[in-house]
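# Structural characterization, general
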Amino acid sequence: MQSTFLSVAVRRVPSSRGLEHLLVMNKAATYINAAVMDLHQKYGEIFVFGFGPMRFHWVVGHDALKFVLQDNPDAFSMKRAYSFLETIGGATALISSDEPEHLKRRRLVQPAFHGSRLQSWQEQFQKATEQFYEERSGQTFDFYAATKSHMLQQIVTLLLGKKPLENHPQFLSDIETMMSFANLPFLAQQFKSPLPGTPWYTFLKARRRVDTFLYNEIRTRKKRSDDVRELVSKDDSLLSMLLETKDESGQQLTDKEIRDQCVSLVSAGFDTTSAALTWAVYLLLTHPEVLVKVGDEVMQGSAKTRDSYLDAVISETLRLYPAAPAGLRMSTRTLLYKGFLIPEGSLIAYSIYATHRQESVYTNATQFKPERWLEEKTKQPGTFDYLPFGYGARYCIGARLATMLVKLHLTHLFKTYNVEAAWQKPIQEAGNTVHPRGGLPIRLQQTY
């Protein structure tokens, strides 16, 4: 290995030290993206900060993300980087699977998200969306908290169907409890005390109930009919589809794999989708000139078309506030990036958040400008400049579903209601999933 690097000037990856490091860690404990942006401004596209299980090599920008995601895919492990998520999604979840297992499982899960199925689900979501806003007409409420609960219920209904959820309503609160633990600061997640009253103890109780329910549901559906295809024809829930899917050799997902995909799809989907929707509403309410254009479009019905102005609003929202602001990997061998040494076993975090705010790519990068997505294709950002849903074989499997839900909500909301900001303090960012700290209070009044 040494001879490989003899002709290259090897440099140590820069990092904060001493008092600066303590200040950075303090800022990261409050909001890690702010700390990443500060270090990126000072040190460039690669830097290190943290300690122990929180020590990461951070990379930012087109070249660095391409290096990790495309140029050296076999040199980085997802499973080892996301091992902390195994407590929630399980060891066989797509996000914590390495190749070739990941591709095998993805091919079995992918048919459940086929475009024709998304179309069939849209009517179901439309009715639920209309009811959601009708119940809150004339009220002031926290939009983020309300939509998060709503999205969870809709996605779980999609997963299981309505009847199982009616019989086991605690499933929703248990999933929320599990995600509350996942959204704790990374350092806090390392303290796994089994004592009653601690977050870890509460999490374990919720997970046991979730697992018991899901495994019982899997066994029940398998016994319900010898012909699973006949069952699926009467039930288009994601769970039944996963039970039915086979690969070219006739193999199916195991019960454990089905459980892990179910939990990970729900846990990864509802919070990120509600956060994206919330930021879109915030940006529209703080940019009235954009809101007028969106209002005109949804009233005329042209927002339903592809590449509409509303689509540009959603793209710009995801640029400024990617719900998943970073991706993780662990290096499986020693690497050099532009002369910087990345040792084997290093935790790598590629910042989607900071990459989306590169002035070299986006003019006035911190400004909300949907028009930038309506420019000529030659002026559009490259693959590694904009990736709110990831890249390649790791592209978010539920991206189309999430985008459909956000667009559905925005179309109905601004076509049917007058929406007013009701917050008193400036909105600040927070969380592992980027969301407004303290929520987003709004007032809703029907227009007719």
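In short, a report on the structure. These figures come from a predicted structure and were not determined experimentally.

### Details of the environment of Tyr 353
- Looking at where Tyr 353 falls in the secondary structure, it is placed in helix α17 (residues 352-355).
- Here Tyr 353 falls in the buried class, since its relative accessible area comes to 5%.
- Residues contacting Tyr 353, with those up to four places away along its chain left out, are Tyr 31, Asn 33, Met 37, Leu 320, Pro 322, Pro 325 and Glu 429.

### Focus: helix α14 (residues 255-285)
- Between its first and last C-alpha, α14 extends 45 Å over 31 residues, near the 45 Å set by a 1.5 Å rise per residue.
- The buried count for α14 comes to 27 of 31 residues, which makes it a mostly enclosed element.

### Overview of the pattern of salt bridges
- Summed over all chains, the structure comprises 22 salt bridges.
- Note that Glu 123 and Lys 127 form a salt bridge whose closest N and O atoms lie 3.7 Å from each other. Of the two residues, Glu 123 and Lys 127 both sit in helix α7 (residues 115-134), four residues apart, roughly one turn of that helix.
- The exposed category is assigned to Lys 127, whose relative accessible area is 54%.
- A salt bridge links Asp 174 to Arg 209, with the shortest nitrogen-to-oxygen separation between them at 2.9 Å.

### Considering the nonpolar core
- Counting 117 residues, the largest nonpolar core has Phe 49, Phe 143, Val 281, Leu 401, Leu 410, Leu 413 and Ile 442 as its most contacted members.
- It is α14 that contributes the most residues to this core, 15 residues altogether.
- In this structure, Phe 67, Leu 69, Leu 335 and Tyr 350 belong to the second largest nonpolar core, which totals 20 residues.

### With respect to the sheet that holds strand β1 (residues 46-49)
- Pairing is mixed in the open sheet, where five strands are placed in the order β1-β2-β8-β5-β3. Single-partner strands in this sheet number two, and they are β1 and β3 (76-77).
- Here five bridges tie strand β5 (residues 326-331) to strand β8 (residues 347-351), and the two strands are oriented antiparallel to one another. By the bridge assignment, Gly 327 is partnered in β8 with Tyr 350.

### Topic: the sheet that holds strand β12 (residues 441-446)
- Taken in spatial order, the three strands make up an open sheet running β4-β12-β9, and their pairing is antiparallel. This sheet does not close on itself; its edge strands, each paired only once, are β4 (140-142) and β9 (417-421). Neighbouring strand axes in the sheet, compared pairwise and without regard to direction, differ in orientation by 35° on average.
- For β4 and β12, the ladder comprises three bridges, and the chain directions are antiparallel. Paired with Phe 141 across the bridge in β12 is Ile 442.
- Docked against the sheet, helix α18 (residues 399-416) engages β9 and β12, running at close to 95° with respect to β9.

### Details of helix α1 (residues 18-30)
- Taking 1.5 Å per residue as the helical rise, α1 with its 13 residues ought to reach 18 Å, and the 19 Å between its terminal C-alpha atoms agrees with that figure.
- For α1, every residue scored as buried is listed here: His 21, Val 24, Met 25 and Ala 28. Looking straight down α1, one finds that the buried residues subtend no more than 100° of arc, so they occupy a single side. Across from the buried face of α1, at angles greater than 90 degrees, the exposed residues are Leu 19, Leu 22, Leu 23 and Asn 26.
- Turning to α1, the residues buried within the fold contact α2 (32-43) and β1.

Thresholds applied
- Residues numbered from 1 in each chain as written.
- Predicted model: local features only at pLDDT ≥ 70, side-chain atom pairs only at ≥ 80, totals over all residues.
- Heavy atoms only, no water.
- Helix = DSSP H or I, 4+ residues; strand = E, 2+ residues; numbered from the N terminus.
- Buried < 20%, exposed > 50% of the residue type's maximum accessible area, 1.4 Å probe, protein only.
- Contact = heavy atoms within 4.5 Å.
- Expected span 1.5 Å × (residues − 1).
- Salt bridge = Lys/Arg side-chain N within 4 Å of Asp/Glu carboxyl O.
- Core = buried A, V, L, I, M, F, W, Y, C linked by side-chain atoms within 4.5 Å.
- Pairing = 2+ DSSP bridges.
- Axes fitted to C-alpha atoms, helices over the stretch in contact; angles between N-to-C directions.
- Arc of directions from axis to C-beta.

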